[in-house]
Amino acid sequence: MNLSRRGFLKLSAAAALTTAFGGLGLAAKPQTAKAAIDRISQLKPEWSRETTSVCCFCAVGCGLIVNTALSGAKRALNVEGDPEHPTNEGALCPKGGSIWQLAESTPRQQKVMYRKPGGTRFEPKTWEWALNEIAKRVKRDRDAAFEVKNAKGQLVNRCENIAHVGSAALDNEECWALQAFMRSLGLTYIEHQARICHSSTVPALAESFGRGCMTNHWLDLKNSDVILMMGSNPAENHPISFKHVTRCKVAGGTLIHVDPRFSRTSAKVDIYAPLRSGTDIAFLGGMINYIMENDLAFKEYVVNYTNASFLVGPGYDFKDGMFSGFDPARRSYDRSKWAFALDAKGVPQRDNTLTNPRSVYQLLKKHYSRYTAKNVSDTTGTPLDKLLEVYKVYSSTGKPDKSGTVMYAMGWTQHTVGVQNIRAMAMVQLLLGNIGVAGGGVNALRGESNVQGATDHALLYNSLPGYLSVPTTTDATLADYLKRTTPVSHDPMSMNWWKNRPKYVASFLKAMYPQAEPGQAYDMLPKLEPGQDGSWLVLFDEMFKGRFKGCFVWGMNPAVGSANAGKTRQALAKLDWMVAVNLFDNESSSFWRGPGVDPAKVKTEVFLLPCATSIEKEGSVTNSGRWMQWRVPGPQPLGESRPDGEIMHQLAQKLQELYKKEGGPFPDALLGLNWAGMTEKGGYSAQATARLINGAYTRDVTVKNPDGTEKTFKAGEQVQSFAALRDDGSTTSGNWIYCGSYVKSDPSGNLGMRHNRSQTPEQAKIALFPNWTWAWPVNRRIMYNRASVDPTGKAYAPQKPVLAWDGKAWSIDVVDGGGAPGSVHPFIMNTHGLGQIYTPGLVDGPFPEHYEPMDCPVASQVFSSVLNTPTVLKFAGEDHSQADPRFPLVCTTYRVTEHWQTGAMTRRMAWLVEAEPQMFCELSEELAAEKGIKNGDKIWVESIRGKLWAIAMVTKRFKPMTVQGKTMHQVGLPWQYGWNAPQNGGDAANLLSPSVGDPNTGIPETKAFMVNVSKA
Ligand code: SF4
């Protein structure tokens, strides 16, 4: 049936009514049924205005249609899936389907609230009062501690007694404005959700392929021959993505799920294999060994497109779990020992026969020869037959015309070996030739609607927008910084794209401080000390130790979402003031009245500022597949709530007024920040900020075309692509990777707003929608696609080509790097131009090695005598349970479909709470029998760090496993509950998890720790 959208709407309206009365009317509680009927009875499209938006929950990025009343209170009447959106095609999961309730029928904060020191309640205040008071506190504390120079006399311009966390819940433009605002104050402690959910993805994928993001996109899943879902549960956590997984299966693909728990994803796959949480490297190391032993790698691809042929220098070695170059005193490696052997020109030496014992290929083979199926099974608990079945089926994709992909999420990222978990799979994919091709890739499933964008725009202590590193005190000048951070390649085939870094840095600095030349603007940025760590766990440890006077908690709930939540809650009590910006009061804004806390003893002032929902404001969000998708505002912000962009701009204005009036240390950055570029008619503007992020010419610029002709770009004209950015201050670009997203000076140039489904037949074949919104970089939809063709330009998989070369130009997708086939290496962001099976760039080793989680059930392991990763991030005074009989059960955490992240929004939504009302603990029938626990019993779950109650869910989904010859049990907890709402809903699973982190990024190990259970 071919339906227009209008026709579809008529049909779906009828269907919705039927569902509402037939489904909810019978089964749901009266409250739900009445709400649904009331809503539908108000649905009179002729009275309403229709706008499009994007779901505010996960990063599948489903499209929405919002109908807003044109009269009365002008509130949203209905929110539904957009049938024209290529990803969701009108469908929404329970969360997306409840967005109307979130906006219109929940106890949202509608007023500014204030809690005074020692106070027992919040009291309402005006915006004017709150913004003035916050500005006074920021100024007081900043002025008291601002450092212009450090003890060595180096320029630092920083403020380290105020911290900021958040937020992936903001739009891209707000994220950019917020990082600019915080940096203009000199803050260095800036973090957000990405650190604790996907920070391990960025270095793992960037070291392997060049960029730290999902390689392909949701629609591409249908092109796979085999999908391996490991460390993820997409059927429940990214539900609409499963539409495309299902299409793969319908087309004859094979689905595999490897997970500690049998879930709704497992129920739909061809092969399910259990594993012990925290043993993924052992599992994937075994797969590498299987590929090498059985000679299943795609050799032509491996030789031409990866660094398998590179020779490694004599400094590299590996013995009994340790790489060469370890300094026990500093618990760190000297990575220079792992360098490649270079020829006289400085290019890595190669052996294309792959037989040299110092070649990456042979070192890889040797390293993983220890990962025999038996050793792996003994470690992971995966039955041997399942292990071999997964290896056999997945490695069948190592043929030119086959592709396999992986979908992973927190199950891989949140470990002390999180980066290396992902690296291990990246190496598998390079061996099998699965990168750059349709149906291939390493697909990081981002969990928040704009966690990709918030990472791109650098609400992180260690990066500037576009993955430019934050300067350190040793980089005295811009030239010093660029010299240290700009890579050099002597290989004429390597594009070494990061050689362009000076253009991107200069354009960023001009976007921040248009009145200054780039070198002066560089001086205004706050500087870190070399090696300084300001990542999430360190930030909260510093807060716990009393470093910070104040903290912004913007669109976040660390009292639930942070590892070792008990410590986090105590840390919040050490603050003098906290600014919480959110839709609802949550466990963080109300930490002072949480369980076991006496409000009278908590000095922290709390300012709770109400913000608008996603459908009430304008701006873009970037989904997991890098599509920058624009939200058009529907209803006005409810009550006195305001868009986040407005809040940050108004607060910045208050601070500017104070500094102009009273003076203070180094006001230049705050006063010189480019608010003019982020505002229109005196107020914050998402469109203006998006234009600034793209960038424009600051003066007339004449460039020579390749054919010798000249073209002049006028001052103020938008830059068309990052290839045109310049290093001399003549261009701005807030974030170079978004350059090309806003190509005219009015919204018609905003490509994120495009809703155009047109595509060529070749694009249709692989589900590319190049005219639907815009994807970074340069609207490329499949990253590293140059590796999908051989050096003559012929597609390896002619039945699903990503690129076609007609002798003059490339078509289908936007090619990585220009020029003729075979003229450049395909991984253009990597210095040497090739996919990195071996990398000297990570702090914990060039190859992934199995180490146990810091809380673990065993005292020793089979692969070496080193139990835990030697460079782990840990904190003095915190204990870990290792083979501790008091805590014999491996615990893992996860989400449920109906709740989102810390539950701060969804636990306020009756439709969702009715489905998932309470904290539970899943445990096997065998463990339940051993402990005398019945399904539905209230039980205690306890770790070395804390204790909480949960309702026992006795299930077949967990099974006992055999690890090192002994029976071992696993249990599982959703991490989304908190004491604040709903009543008797339980508390946060993170009260039990440890504050230990991956040494590369500091991501906490919240997916594997040891507990015990007992009947309450
Ligand atoms: S939560 Fe994710 S899958 Fe569900 S509707 Fe929203 S974007 Fe789509």
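As the structure is a computational prediction, the values presented were derived from the model and not from experiment.

Cut-off values and rules
- Residues numbered from 1 in each chain as written.
- Predicted model: local features only at pLDDT ≥ 70, side-chain atom pairs only at ≥ 80, totals over all residues.
- Heavy atoms only, no water.
- Helix = DSSP H or I, 4+ residues; strand = E, 2+ residues; numbered from the N terminus.
- Buried < 20%, exposed > 50% of the residue type's maximum accessible area, 1.4 Å probe, protein only.
- Contact = heavy atoms within 4.5 Å.
- Lys, Arg positive; Asp, Glu negative; His and termini not counted.
- Charge placed at Lys NZ, Arg CZ, Asp CG, Glu CD.
- Pairing = 2+ DSSP bridges.
- Salt bridge = Lys/Arg side-chain N within 4 Å of Asp/Glu carboxyl O.
- Axes fitted to C-alpha atoms, helices over the stretch in contact; angles between N-to-C directions.
- Polar contact = N/O pair within 3.5 Å; in protein donor to acceptor, adjacent residues only side chain to side chain.
- Phe/Tyr/Trp six-rings, centres within 6.5 Å; stacked < 30°, edge-to-face > 60°.
- Lys NZ or Arg CZ within 6 Å of the ring centre and 35° of its normal.
- Near = heavy atom within 4 Å.
- Nonpolar A, V, L, I, M, F, W, Y, C, P; charged D, E, K, R; others polar.
- Parallel < 35°, antiparallel > 145°, perpendicular 65-115°, else oblique.
- Left-handed = near helix turned anticlockwise from the far one by under 90°.
- Core = buried A, V, L, I, M, F, W, Y, C linked by side-chain atoms within 4.5 Å.
- pLDDT = per-residue confidence, 0-100.
- Expected span 1.5 Å × (residues − 1).
- Arc of directions from axis to C-beta.

Things to note about the overall build of the protein chain
Within the protein chain, the regular secondary structure consists of 29 helices and 40 strands. Principal axes of the C-alpha set define a box for the protein chain whose edges measure 80 × 75 × 70 Å. Taken across its 1016 residues, the protein chain has 65% of its residues classed as buried. A separation threshold of at least 6 residues defines the contact pool for the protein chain, and within that pool the share at least 24 residues apart is 74%. The positive charge centre, built from 111 side chains, and the negative charge centre, built from 95, are 2 Å apart in the protein chain.

Regarding the pairing of strand E29 (residues 710-713)
Across four bridges, the pairing between strand E28 (residues 701-704) and E29 is antiparallel. Bridge pairing links valine 703 to lysine 711 in E29.

Structural notes on the pattern of salt bridges
Within the structure shown, the criterion is met by 53 salt bridges. Notably, a salt bridge pairs arginine 75 with glutamate 616, separated by 2.8 Å at the nearest N-O pair. On the criterion of sequence distance, the pair formed by arginine 75 in the loop between strand E2 (63-69) and strand E3 (76-81) and glutamate 616 in the loop between strand E23 (605-610) and strand E24 (619-622) is long-range, its members being 541 residues apart. Both residues of the pair, arginine 75 and glutamate 616, belong to the buried class. One salt bridge connects arginine 158 with glutamate 160, and the closest N-O pair in it is separated by 3.8 Å. Exposure class is identical for arginine 158 and glutamate 160. Each is buried.

So, the sheet that holds E2
Ordered by their spatial adjacency, three strands build an open sheet running E1-E2-E3, and the pairing between neighbours is antiparallel. Pairing within the sheet leaves two strands with one partner each, and these edge strands are strand E1 (48-54) and E3. The sheet shows a mean angle of 20 degrees between the axes of neighbouring strands, taken without regard to direction. Relative to E3, E2 is paired through five bridges, and the arrangement is antiparallel. Bridged to isoleucine 65 within E3 is glutamate 80.

Some details on the side chain of glutamine 836
Looking at the secondary structure, you find glutamine 836 in the loop between strand E32 (810-812) and strand E33 (889-894). Reaching out from glutamine 836, the side chain makes a polar contact with the backbone oxygen of glutamate 207 at a distance of 2.9 Å. Residues within four places of glutamine 836 in sequence aside, it is in contact with Glu207, Ser208, Asn307, Phe340, Arg423, Leu430 and Asn830.

Some words on the side chain of arginine 137
Here arginine 137 shows up in helix H4 (residues 127-145). What arginine 137 contacts, discounting residues up to four positions off in sequence, is Trp577, Glu605 and Phe607.

Points about the packing of aromatic side chains
All chains considered together, the criterion is met by 48 aromatic pairs. Aromatic side chains tryptophan 805 and tryptophan 810 sit 5.0 Å apart centroid to centroid with 50 degrees between the ring planes, which places their arrangement in the tilted category. By relative accessible area, tryptophan 810 is classed as buried at 16%. The ring of tryptophan 129 has lysine 125 lying over it, and the distance from NZ or CZ to the ring centre is 4.4 Å.

Overview of unusual backbone geometry
In this model, glycine 166 is joined to serine 167 through a cis peptide bond whose omega is 0 degrees. Here serine 167 is to be found in the loop between strand E8 (162-165) and helix H5 (172-184). Residues tryptophan 776 and proline 777 are joined by a peptide bond in cis, for which omega reads -5 degrees. Position of proline 777 among the secondary structure elements: in the loop between strand E30 (774-775) and strand E31 (803-805).

Quick word on the sheet that holds E8
Spatially, seven strands are ordered E5-E4-E23-E22-E21-E8-E9 in an open sheet, and the strand pairing comes out mixed. Both outer strands of the open sheet, strand E5 (123-125) and strand E9 (190-191), are each paired with one neighbouring strand and no more. Examined bridge by bridge, strand E22 (residues 577-582) and E23 share six bridges and lie parallel to one another. Residue pairing for E23: tryptophan 577 is matched across the bridge by glutamate 605. Packing against the sheet, helix H21 (residues 536-544) makes contact with E8, E9 and strand E21 (550-554), and its axis sits at approximately 140 degrees to E8.

What to know about the site of the ligand
Neighbouring the ligand are the residues Cys55, Phe57, Cys58, Val60, Gly61, Cys62, Leu92, Cys93, Lys95, Gly96, Pro239 and Ile240. Residue composition of the shell around the ligand, by class: nine nonpolar, two polar and one charged.

Examining the environment of aspartate 541
Inspection of the secondary structure assignment puts aspartate 541 in helix H21. As a C-alpha pair, aspartate 541 and lysine 567 span 26 residues in sequence and 8.3 Å in three-dimensional space. Ignoring anything within four residues of it in the chain, the contact list for aspartate 541 reads Lys567 and Phe875.

So, the packing of H5 against helix H24 (residues 644-662)
Running from amino to carboxyl end, H5 crosses H24 at an angle of 20 degrees, the nearest separation of the two axes being 9 Å. Classified by the angle between their axes, H5 and H24 sit roughly parallel to one another. Classified by chirality, the crossing of H24 by H5 is left-handed. Counted together, Glu174, Ala177, Leu178 and Phe181 of H5 and Asp644, Gly645, Met648, Leu651, Ala652 and Leu655 of H24 form the full contact between these two elements. Among the residues forming the contact of H5 with H24, the class breakdown is seven nonpolar, one polar and two charged.

Focus: H21
Where burial is concerned, most of H21 is hidden: eight out of the nine residues are buried. Regarding H21, the residues found buried are Trp536, Leu537, Val538, Leu539, Phe540, Asp541, Glu542 and Met543. Here the buried face of H21 lies against E8, E9, helix H6 (194-197), E21, helix H22 (558-561) and helix H23 (565-572). Remark: glycine 546 follows H21 within two positions and exhibits a positive phi of approximately 95 degrees.

Concerning the nonpolar core
Core analysis: the biggest nonpolar cluster contains 220 residues, and Phe181, Phe283, Met287, Phe552, Leu609 and Trp736 have the highest contact counts within it. Excluding its chain neighbours within four sequence positions, the residues that come into contact with phenylalanine 283 are Met230, Val258, Leu275, Val376, Thr380, Thr382, Leu387, Val390 and Tyr391. Judged by nonpolar contacts, the second largest core, of 30 residues, contains Phe548, Cys551, Leu575 and Phe591.

Digging into the confidence of the model for the protein chain
Looking at the protein chain as a whole, its pLDDT mean stands at 95, while 96% of the residues score no less than 70. Throughout residues 1-34 the model reports pLDDT below 50, and contacts reaching past four residues in sequence, or to other chains, amount to 30 contacts.

Looking at the packing of helix H7 (residues 201-208) against helix H16 (residues 418-431)
Viewed as axis vectors pointing N to C, H7 and H16 meet at an angle of 30 degrees, and their least axial separation amounts to 8 Å. The angle between H7 and H16 places the two elements in the roughly parallel class. Of the two possible hands of crossing, H7 and H16 adopt the one that is right-handed. Contact residues: H7 offers Thr201, Pro203, Ala204, Leu205 and Ser208, while H16 offers Val419, Ile422, Arg423, Ala426 and Leu430. Here the residues of the contact of H7 with H16 sort into seven nonpolar, two polar and one charged.

Examining the environment of histidine 244
Within the secondary structure, histidine 244 is located in helix H9 (residues 241-250). Along the primary structure histidine 244 and aspartate 385 are separated by 141 residues, whereas in three dimensions their C-alpha atoms are 29 Å apart. Once residues lying within four places of it in the same chain are set aside, the contact partners of histidine 244 are Pro86, Thr87, Trp218, Leu219, Leu221 and Lys222. In this structure the side chain of histidine 244 is engaged in a polar contact, spanning 2.9 Å, whose partner is the backbone oxygen of threonine 87.

Let's talk about helix H14 (residues 384-395)
End to end, H14 covers 16 Å across 12 residues, agreeing with the expected 16 Å (1.5 Å per residue, within 8%). Three or more residues of H14 are buried, namely Leu387, Val390, Tyr391, Tyr394 and Ser395. Looking straight down H14, one finds its buried side chains confined to an arc of 110 degrees; they lie on one side. Of the exposed residues in H14, those oriented more than 90 degrees away from the buried face are Asp385 and Lys392.

Focus: the environment of proline 761
In this structure, proline 761 sits in helix H27 (residues 761-765). The exposure class of proline 761 is exposed, given its relative accessible area of 65%.

Quick look at the pairing of strand E7 (residues 155-158)
Where strand E6 (residues 147-149) and E7 come together, two bridges link them in antiparallel fashion. Note on E7: the bridge partner recorded for glutamate 147 is arginine 158. The turn joining E6 and E7, which pair antiparallel and follow one another in sequence, is formed by five residues; a positive phi near 85 degrees is taken by glycine 153.

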